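Chain by chain, the residues:
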Amino acid sequence: MRIIAGTKRGQTIQAPKGRDTRPTLDRVRESLFGIIQFEVAGQTVLDLFAGSGSLGLEALSRGAAHAVFNDSARESIAAVRANLAKLSLVQQATVYSMGHLAAIQAVARAGFRFDLVFLDPPYRAGLLEETLAALRTAGVLAPNCRVIAEHAANQPPETPPGFSLRDRRKYGIAGISIFEEEQG
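The structure presented is a predicted model; accordingly, all values stated were derived computationally and were not measured.

**Concerning the sheet that holds strand S7 (residues 174-181)**
Pairing is mixed across the open sheet formed by seven strands, whose spatial order is S3-S2-S1-S4-S5-S7-S6. Lying at the two open borders of the sheet, with one neighbouring strand each, are strand S3 (93-96) and strand S6 (163-171). Taking the axes of each pair of neighbouring strands and ignoring which way they run, one obtains an average angle of 15° across the sheet. When strand S2 (residues 66-70) meets S3, the two strands line up parallel, connected through four bridges. Counterpart to Val-68 in the pairing with S3 is Thr-94. This element, helix H4 (residues 100-109), spans S2, S3 and strand S4 (114-119) of the sheet and lies at about 145° to S2. Those strands touched by helix H5 (residues 128-138) are strand S1 (44-47), S4, strand S5 (141-152), S6 and S7, and its axis lies near 170° from that of S5.

Here it is as structure tokens:
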């Protein structure tokens, strides 16, 4: 895997060992960041089911101000920390290692407000709707926040209450849905 664009373009990153993670493919990341390219610079980003951290790292490379990474797997957090060190991005990152709901509460207590949120949970775990509701309830979404959810292409999530669907794309077996919190 590699960083596609920005200040760290072309640098390789490591993925956690084992089969428990499914890194976002380069072509999916490239397409996704093509969609949101003008919404990244200067933003605060949450990579909640981080795995290797490829989405948050790509955002930092493209000018995001800060990224928060979380994953409950020890191997994933070790990969994220190694990638941050290799890319000299440690100062622009905060790393948590806990379950996704506990992490949402932790970032709320820390006062984070996110402009971009990346959600890439295990496809069949059914966590997207629950996670979107928890993010909204915790008050960690900045106005006009974009929540980018990766999911199985044939199982797109329902648009949860309080959100609108901004875009939806399919890339083979992977799908991307971009949600925006409704203001009001």
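The rest of the description comes next.
**Digging into unusual backbone geometry**
Within the chain, Ser-88 stands out as a residue other than glycine whose phi angle is a positive 55°. Following the sequence through the fold, Ser-88 ends up in the loop between helix H3 (74-86) and S3. The exposure class of Ser-88 is exposed, given its relative accessible area of 58%. Even without being a glycine, Asn-144 presents a positive backbone phi close to 65°.

Cut-off values and rules
- Counting starts from 1 at the beginning of each chain's written sequence and moves along it residue by residue.
- Since the coordinates come from a predicted model, pLDDT governs what is reported: local features require at least 70, and pairs of side-chain atoms require 80 or more to be given and counted, while whole-chain, interface and lining totals use all residues.
- In computing side-chain properties, one takes all heavy atoms of the structure into account and sets aside hydrogens as well as water.
- Pairing between strands is defined by DSSP: at least two bridges between the two strands are required.
- Numbering of helices and strands runs from the N terminus, with a helix taken as a DSSP run of H or I at least four residues long and a strand as a DSSP run of E at least two residues long.
- Helix axes are fitted only over the stretch in contact, all axes being lines through C-alpha atoms; the angle between N-to-C directions runs from 0 to 180 degrees.
- Contact definition: two residues touch when any of their heavy atoms are within 4.5 Å.
- Note on classification: 1.4 Å probe, protein chains only; a residue is buried when its accessible area is under 20% of the maximum for its type, exposed when over 50%, partly exposed between these limits.

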